[in-house]
Amino acid sequence: MTKPLFIPLFVFVCLLSGLAAPTACVQAAEAVKIGFASPLSGPQGHYGRDNYNGAQLAVDELNACTPRIGGTPVKFELVAADDQADPKTGTLVAQRLVDSGIHGMVGHFNSSVTIPASRIYNDAGIPQLSVSTNAKYTRQGYMTAFRLMADDGKQGMVLGRYAVASLRLKRLVVVDDSSAYGQGLADAFTAAVESAGGQVLKREHTTDKDFDFRALLTLLRSAHPQAVFFAGYDGQAGPLARQMRELGMRAPLLGGETMNTAKFLELAGPAAEGHIASTPGAALEQRPGGRAFAEKYRARFGQEIGLYAPYFYDGVMVIAAAMERAGSTATAQYLPALRAIRHPGITADIEFDERGDLKQGLLSIFRVQGGRWVLQ
């Protein structure tokens, strides 16, 4: 029997009315702390700020509806921390968040940070909802770990098959950034290309400190590839695309969701045209409420969505929905409800399998056309 979609009643009523309760009527409320962590500084800070915006938007909307859990007035509070995209810093941040008394966690962002931090949340019994795509995150046996998008295995498989079957590319080269995310995605992509009848001519690695790829590209160019697949972040993918064009390489650059951002378009400039990247889930404009969310985000923050804000928004909303369904903010009480949830999110109809992965891990493919990402 299909489980009904569940949205917090206080949010549903608030959305129907379009009104927040008058401030004068708000009673003293129990604080419900939602932990948040992402890189808020450094080369990946733009991802983290976008993530934070999405989570904060959800918290503000929840509080505007004067929520009650189990009949008790509550006020949601986002407790944010900068993990600097660093595994060691991330574990310290995770422990500080646990010690602060958080009731749930949205984050971290990077797989290399999420995976070691997940043990700390699990030991404390705190549900963690992350956009980490490395398959290991939900393969550790932690009942507290939940993933908000398709993992690298699914994404790499779809991208690899698409490259060979739809784009008719048979000779490719693969580069990863040596991160847990990059290596996992590159491995899955390589396997999918080869199983579909394509050939990976070269598999190379870089690090997050590299931004001059000319020597690497010269090596790759000698193999005469039909495409270059890069498994890494937009801060490097943008310069990589520019330098490919400078060296006369007309092959398309392919990448995962971390390349499918406004930052990539900014960094690559005209050299972004024609390149291809995926996004876990359905395209935002095709989801119920997707366009409205984008407009709301633009009005609130004066900028376009970077990419992940809707996922962090959904993460907070799913935690709130599970709490209301359980009638409790206690982690041990609402964790079973979270595992059984079916929530109509901005990014997907969120429902988890026994591992904590999405049951419907859809993906979309985009190409840069006319200076913007266009759904294919």
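Our subject is the structure that appears above.
Rules behind the numbers
- Residues numbered from 1 in each chain as written.
- Predicted model: local features only at pLDDT ≥ 70, side-chain atom pairs only at ≥ 80, totals over all residues.
- Heavy atoms only, no water.
- Helix = DSSP H or I, 4+ residues; strand = E, 2+ residues; numbered from the N terminus.
- Expected span 1.5 Å × (residues − 1).
- Buried < 20%, exposed > 50% of the residue type's maximum accessible area, 1.4 Å probe, protein only.
- Contact = heavy atoms within 4.5 Å.
- Phe/Tyr/Trp six-rings, centres within 6.5 Å; stacked < 30°, edge-to-face > 60°.
- 1 Å grid on protein atoms, 1.4 Å probe; cavity = no way out; pocket = protein on both sides within 12 Å on 5 of 7 lines; lining within 4 Å.
- Points joined across faces, edges and corners; volume = space filled by probe spheres on them.
- Nonpolar A, V, L, I, M, F, W, Y, C, P; charged D, E, K, R; others polar.
- Pairing = 2+ DSSP bridges.
- Axes fitted to C-alpha atoms, helices over the stretch in contact; angles between N-to-C directions.
- Polar contact = N/O pair within 3.5 Å; in protein donor to acceptor, adjacent residues only side chain to side chain.

Enquirer: Before we move on, could you go through helix H6 (residues 180-195) and cite the residues and values that matter?
Expert: The terminal C-alpha atoms of H6 lie 23 Å apart, and with 16 residues this matches the ideal 22 Å at 1.5 Å per residue to within 8%. Here H6 has its buried residues at Tyr181, Gly182, Gly184, Leu185, Ala186, Ala188, Phe189, Thr190, Ala192 and Val193. Buried residues in H6 make contact with helix H4 (111-124), helix H5 (152-166), strand E7 (171-176), strand E8 (199-205), strand E9 (227-231) and strand E10 (253-255). Once H6 ends, the next one or two residues include Gly197, with phi positive near 100°.

Enquirer: Residue-level account of the packing of aromatic side chains, with values.
Expert: Inspection of every chain in the model, using the stated rule, returns 15 aromatic pairs. Between the aromatic rings of Phe109 and Tyr308, the centroid separation amounts to 4.9 Å while the plane-to-plane angle is 80°, which identifies the pairing as edge-to-face. Separated by 199 residues along the polypeptide, Phe109 in the loop between strand E4 (104-106) and H4 and Tyr308 in the loop between helix H10 (290-301) and helix H11 (309-326) bring together distant segments of the chain. Among the residues examined, Tyr308 registers a relative accessible area of 1% and is labelled buried. Judged by centre distance (3.8 Å) and plane angle (5°), the ring pair of Phe189 and Phe229 falls under stacked. Of this pair, Phe189 sits in helix H6 while Phe229 sits in strand E9; the two residues are 40 residues apart in sequence, bridging distant segments of the chain. For the pair Phe189 and Phe229, one class covers both residues: buried. A network of ring pairs unites the aromatic residues Tyr47, Phe109, Tyr181, Tyr233, Tyr308 and Tyr311 as a single cluster.

Enquirer: Report on the layout of surface pockets, specifying residues and quantitative values.
Expert: The gaps left among the atoms become clear once a water-sized probe is rolled over them. If you add up the space inside the largest pocket, you get close to 810 Å³. Counting residues per element, the ones that place at least two in the lining of the largest pocket are helix H9 (262-268), strand E11 (276-280), H10, H11 and strand E15 (372-375). It is H10 that contributes the most residues to the lining of the largest pocket, five residues altogether. Partitioning the lining of the largest pocket into residue classes produces 16 nonpolar, six polar and seven charged. Every residue lining the second largest pocket is counted, 24 residues in all, and those nearest its centre are Pro43, Gln44, Ala85, Asp208 and Tyr233. Taken together, the residues of the lining of the second largest pocket break down into seven nonpolar, 13 polar and four charged.

Enquirer: How would you sum up the sheet that holds E8? Please name residues and give values.
Expert: Spatially, the seven strands line up as an open sheet ordered E8-E7-E9-E10-E11-E14-E15, and their pairing is mixed. Two strands close off the open sheet at either side, each with one partner strand: E8 and E15. Strand-to-strand twist in this sheet, taken as the mean axis angle between neighbours without regard to direction, amounts to 25°. With four bridges connecting them, strand E14 (residues 363-369) and E15 associate as antiparallel partners.

Enquirer: For the side chain of Arg342, give the residues involved together with the corresponding values.
Expert: Structurally, the position occupied by Arg342 is in strand E12 (residues 342-344). Residue classification places Arg342 among the buried residues on the basis of a relative accessible area of 16%. A polar contact is formed between the side chain of Arg342 and the side chain of Glu351, at a distance of 3.5 Å.

Enquirer: I'd like a description of the pairing of E9, backed by residues and values.
Expert: Counting buried positions along E9 gives five out of five residues, so the element sits mostly inside the fold. One ladder, built from five bridges, connects E7 with E9; its direction is parallel. Residue pairing across strands places Leu172 opposite Ala227, the latter belonging to E9. One ladder, built from three bridges, connects E9 with E10; its direction is parallel. Within E10, the residue paired with Phe229 across the bridge is Leu254.

Enquirer: So what's going on with the environment of Lys154? Which residues, and what values?
Expert: Mapped onto the elements of the fold, Lys154 is located in helix H5. In this structure the C-alpha to C-alpha distance between Lys154 and Asp208, which are 54 residues apart in sequence, comes to 24 Å.

Enquirer: Can you tell me about the sheet that holds strand E6 (residues 145-147), naming the residues and giving the values?
Expert: Read across the sheet, six strands follow the order E2-E3-E1-E4-E5-E6 without closing on themselves; strand pairing throughout is mixed. In this open sheet, the two edge strands, each paired with only one partner strand, are strand E2 (68-69) and E6. Note: strand E1 (residues 30-38) against strand E3 (residues 72-82), nine bridges, orientation parallel. Among the inter-strand pairings, Lys33 is bridged to a residue of E3, identified as Glu77.

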